[in-house]
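# Observations on the three-dimensional arrangement
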Amino acid sequence: MQTSKIKMPFWSQVSLRNLVTLSMLILLTACSSGSVKRLDVNEEVALSDRWNDTDSRLVAEEMMGDMLTFPWFRDYNFSQKGNPTVIVQTIRNKTSEHIPVDTFVNDIKRSLLRAGKVDFVVSGEEREEIRNEREEQALNAAPDTVAQFGLEQGAGFALSGTINSIVDSNGDQRVSFYQVDLKLIDMTTNREVWNGQKKIKKLADKGFF
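In what follows, the accompanying structure is described.

### Regarding unusual backbone geometry
- Residue Asn190 is not a glycine yet carries a positive backbone phi of 65°.
- Looking at where Asn190 falls in the secondary structure, it is placed in the loop between β4 (173-186) and β5 (192-205).

Here you go:
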């Protein structure tokens, strides 16, 4: 006994395809119906318990404020040397997540430069690029506009540090702990003249991870 296949009428097939297409359009429209609004850059929007721009700014401001309260700054001879000059060496991200360390370094510099109490000199690739530009000027620029060699300002102090984190979770809640350690070294004597530490702890419910 042969089993015959039942074919759907052509108009039914067309209607089914139209229904599927319409459903897809509705779904895509619903997914793309979100909105975007501008926010104050100082307003914290915590979409997760991870390190964010507010953490970077607040940690930089608090730690640099603390650095300026230590004896090294009080005892510095401003009358003969002007502001102390600092070079940022390496601040290492030792966490398991991506943290834009360059942004944190810029927050540190901005905090101190705005106070007008510390000068910075550039390091690494940026310094090499400026030296290359100086060479270009020596070859191509008008003599009275050329930046001179051998007049770079030397750094008296070096800033370095680390960012560490510990994450603990029980499935329903997660605690993210961050610890930032920074130190300032006198480059003439190798003395550690300041050691700063800042800790952050965040609690997130299951809906955040």
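Now that the structure has been shown, the text picks up again.
### Here we look at helix α5 (residues 101-115)
- For α5, with 15 residues, the first-to-last C-alpha span of 22 Å sits near the 21 Å given by 1.5 Å per residue.
- Along α5, the residues classified as buried are Val101, Phe104, Val105, Asp107, Ile108, Lys109, Ser111 and Leu112.
- Next to the buried residues of α5 lie α2 (53-67), β1 (85-93), β2 (119-121), β3 (157-169) and β4.
- Within two residues after α5, Gly116 carries a phi angle of roughly 70°, on the positive side.

### Side note on the sheet that holds β5
- The 5 strands lie next to each other as β2-β1-β3-β4-β5, forming an open sheet whose pairing is mixed. Among the strands making up the open sheet, the edge pair consists of β2 and β5. Sheet twist, expressed as the mean angle between neighbouring strand axes with direction ignored, is 30°.
- Pairing geometry for β3 and β4, over 13 bridges, is antiparallel.

### Topic: the packing of aromatic side chains
- In the structure shown here, the tally under the stated rule is 7 aromatic pairs.
- Measuring from ring centre to ring centre gives 4.9 Å for Trp72 and Phe157, while their planes differ by 55°; the resulting arrangement is tilted. Here the residue Trp72 occupies a position in helix α3 (residues 71-74), and Phe157 occupies one in strand β3, the gap between them amounting to 85 residues. Like Trp72, the residue Phe157 is buried in the burial classification.
- With centroids separated by 5.1 Å and ring planes inclined at 75°, the aromatic side chains of Phe73 and Phe78 adopt a geometry described as edge-to-face.
- Three or more aromatic residues joined by ring pairs make a cluster, and in this case those are Trp72, Phe73, Tyr76, Phe78 and Phe157.
- Note that Arg134 overlies the ring of Phe149, its terminal NZ or CZ placed 5.6 Å from the centroid.

### A word on the side chain of Asp107
- Along the polypeptide, Asp107 turns up in helix α5.
- The side chain of Asp107 sits in the buried core without any salt bridge; Arg110 is the nearest counter-charge, 6.3 Å away.
- At a separation of 3.5 Å, a polar atom in the side chain of Asp107 contacts the main-chain amide nitrogen of Arg57.
- If we ignore the near neighbours within four places in the chain, the residues touching Asp107 are Ser56, Arg57 and Ala60.

### Describing the pattern of salt bridges
- In total, this model carries 10 salt bridges according to the counting rule given.
- As a salt-bridge pair, Asp55 and Lys202 come within 2.6 Å of each other at their nearest N and O atoms. Highlighted residues: Asp55 in helix α2 and Lys202 in strand β5, separated in sequence by 147 residues. Lys202 shares its class with Asp55; the two are buried.
- In this structure, the salt-bridge partner of Asp75 is Arg74, at a minimum N-O distance of 3.3 Å.
- On the accessibility criterion, Arg74 (62% relative accessible area) is exposed.
- Among the charged side chains, a network of salt bridges with common partners joins Glu128, Arg131, Arg134 and Glu152.

### Points about the pairing of β3
- Looking at chain direction, β1 and β3 are connected through 6 bridges and run parallel. Counted as the bridge partner of Val86 is Phe157 from β3.

### Section: the nonpolar core
- Judged by nonpolar contacts, the single largest core of 31 residues is most densely connected at Phe104 and Leu182.
- Only α2, α3, β1, α5, β3, β4 and β5 provide two or more residues apiece to this core.
- When residues no more than four places from it in sequence are discounted, the contact partners of Leu182 are Met63, Met64, Ile91, Phe104, Ile108, Leu159, Ser160, Gly161, Trp194, Asn195 and Gly196.

So, how was this worked out
Residues numbered from 1 in each chain as written. Predicted model: local features only at pLDDT ≥ 70, side-chain atom pairs only at ≥ 80, totals over all residues. Heavy atoms only, no water. Helix = DSSP H or I, 4+ residues; strand = E, 2+ residues; numbered from the N terminus. Expected span 1.5 Å × (residues − 1). Buried < 20%, exposed > 50% of the residue type's maximum accessible area, 1.4 Å probe, protein only. Contact = heavy atoms within 4.5 Å. Pairing = 2+ DSSP bridges. Axes fitted to C-alpha atoms, helices over the stretch in contact; angles between N-to-C directions. Phe/Tyr/Trp six-rings, centres within 6.5 Å; stacked < 30°, edge-to-face > 60°. Lys NZ or Arg CZ within 6 Å of the ring centre and 35° of its normal. Lys, Arg positive; Asp, Glu negative; His and termini not counted. Salt bridge = Lys/Arg side-chain N within 4 Å of Asp/Glu carboxyl O. Polar contact = N/O pair within 3.5 Å; in protein donor to acceptor, adjacent residues only side chain to side chain. Core = buried A, V, L, I, M, F, W, Y, C linked by side-chain atoms within 4.5 Å.

Coordinates in, geometry out; function isn't part of it.
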